[in-house]
Amino acid sequence: MTRPSPFGYPFLLGFDEIEQALDRVSKAASDGYPPYNIERVTRSEREPERLRITLAVAGFTQDQLDVSLEENQLVVRGRQVDDKSRQFLHRGIAARQFQRAFLLADGMEVLGAELSNGLLAIDLARPEPERIVRKIAIAAKDP
């Protein structure tokens, strides 16, 4: 049984891309690694309101992490290589790879990323919404 789309109503026109993006995000959200937080950083006199994504990437070095902006997606990848020269008596921490994607709204700006104490923090600027009101002229047609 398929679930009806919330964008299938006749008054929601042109939202096909949003529906596809929601499908992509819901599929990518099923993997819980690495865990992350998203927080709102309050606005100051000099800086606009920001968002900060913090991922727990303990064991990864700066060279093993990649943060990129692909169209409107922020993609964070981590790649660790198994060190074959080490002999483990117990292996509880596996070398692993991950990819975590975040869908960004139009106009979101990535300010930068910082790795500290096993936490990767990525700061984003939220654009100030511009209120646009436009009057539509009504043309009269006489029969």
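Here, the structure is the one placed above.
Now for a quick tour of the structure. The shown structure was predicted, so the numbers you read here are calculated from the model rather than taken from an experiment.

**A word on the overall build of the protein**
Secondary structure summary: the protein contains one helix and seven strands in total. Traced from its N-terminal end to its C-terminal end, the protein shows the element sequence α-β-β-β-β-β-β-β. Expressed as a percentage of the 143 residues in the protein, the buried residues total 22%. Put simply, of all contacts in the protein between residues at least 6 apart along the chain, 48% involve residues at least 24 apart.

**Digging into the sheet that holds strand β6 (residues 109-116)**
What links the strands of a sheet is backbone hydrogen bonding, and the strands pair in either a parallel or an antiparallel sense. Taken together, the four strands give an open sheet; going across it, the order is β1-β2-β7-β6, and neighbouring strands pair in antiparallel fashion. Only two strands of the sheet have a single neighbouring strand rather than two, namely β1 (36-41) and β6. The average undirected angle you get between the axes of adjacent strands in this sheet is 20°. One ladder, built from seven bridges, connects strand β2 (residues 50-56) with strand β7 (residues 119-125); its direction is antiparallel. Note that in β7 the partner of Leu-55 across the bridge is Leu-120.

**As for the nonpolar core**
For soluble globular proteins, the rule of thumb is that nonpolar side chains tend to be buried together. Judged by nonpolar contacts, the single largest core of 16 residues is most densely connected at Leu-55, Val-57, Leu-74, Phe-98, Leu-120, Ile-122 and Leu-124. For this core, the secondary-structure elements that each account for two or more residues are β2, β4 (73-79), β5 (97-103) and β7. If sequence neighbours within four positions are ignored, Phe-98 has contacts with Tyr-33, Pro-34, Val-57, Phe-60, Leu-65, Val-76, Arg-77 and Gly-78.

**Digging into unusual backbone geometry**
Non-glycine residue Glu-71 carries a positive phi angle of around 55°. Residue position: Glu-71 is located in the loop between β3 (65-70) and β4. Here Glu-71 falls in the exposed class, since its relative accessible area comes to 79%. Despite not being glycine, Asn-117 shows a phi value in the positive range, around 55°.

**So, the pairing of β7**
Within β7, five of the seven residues are buried, which leaves the element mostly enclosed by the surrounding structure. Where β6 lies against β7, seven bridges are found, and the strand directions are antiparallel. Within the sheet, the bridge partner assigned to Leu-115 lies in β7 and is Leu-120. From the end of β6 to the start of β7, which pair antiparallel, there are two residues, and Asn-117 there has a positive phi angle of about 55°.

**What about the side chain of Ser-68?**
Among the structural elements, Ser-68 can be located in strand β3. Non-local contacts of Ser-68, meaning those with residues more than four positions away in its chain, are made with Gln-73, Leu-74, Val-75 and Arg-77.

**Quick look at the layout of surface pockets**
Volume-wise, the largest pocket comes out at about 350 Å³. Along the wall of the largest pocket there are 18 residues; nearest its centre are Arg-86, Arg-91, Ile-93, Ala-94 and Ala-95. In terms of residue class, the lining of the largest pocket is made up of 10 nonpolar, four polar and four charged.

**A look at the environment of Arg-126**
Within the secondary structure, Arg-126 sits in the segment after β7. Spatially, the C-alpha atoms of Arg-126 and Asp-106 are 9.6 Å apart, while their sequence positions differ by 20 residues. Apart from residues no more than four positions distant in its own chain, Arg-126 is found in contact with Arg-40, Glu-49, Leu-51 and Met-108.

**Remarks on the pattern of salt bridges**
This structure, assessed with the given rule, holds six salt bridges. Between Arg-50 and Asp-123 there is a salt bridge, and its shortest N-O distance comes to 3.4 Å. Of this pair, Arg-50 sits in strand β2 while Asp-123 sits in strand β7, and the two are 73 residues apart along the sequence. Relative accessible area serves as the criterion here: at 13%, Arg-50 is assigned to the buried category. Assessed through its relative accessible area of 16%, Asp-123 is described here as buried. The salt bridge partner of Asp-66 is Arg-77, with a shortest N-O separation of 3.8 Å. In this pair, Asp-66 is assigned in strand β3 and Arg-77 in strand β4, connecting sequence segments 11 residues apart. Where salt bridges share partners, they join Arg-50, Arg-52 and Asp-123 into one cluster.

About the thresholds
- Residues numbered from 1 in each chain as written.
- Predicted model: local features only at pLDDT ≥ 70, side-chain atom pairs only at ≥ 80, totals over all residues.
- Heavy atoms only, no water.
- Helix = DSSP H or I, 4+ residues; strand = E, 2+ residues; numbered from the N terminus.
- Buried < 20%, exposed > 50% of the residue type's maximum accessible area, 1.4 Å probe, protein only.
- Contact = heavy atoms within 4.5 Å.
- Pairing = 2+ DSSP bridges.
- Axes fitted to C-alpha atoms, helices over the stretch in contact; angles between N-to-C directions.
- Core = buried A, V, L, I, M, F, W, Y, C linked by side-chain atoms within 4.5 Å.
- 1 Å grid on protein atoms, 1.4 Å probe; cavity = no way out; pocket = protein on both sides within 12 Å on 5 of 7 lines; lining within 4 Å.
- Points joined across faces, edges and corners; volume = space filled by probe spheres on them.
- Nonpolar A, V, L, I, M, F, W, Y, C, P; charged D, E, K, R; others polar.
- Salt bridge = Lys/Arg side-chain N within 4 Å of Asp/Glu carboxyl O.

Geometry only, nothing functional implied.
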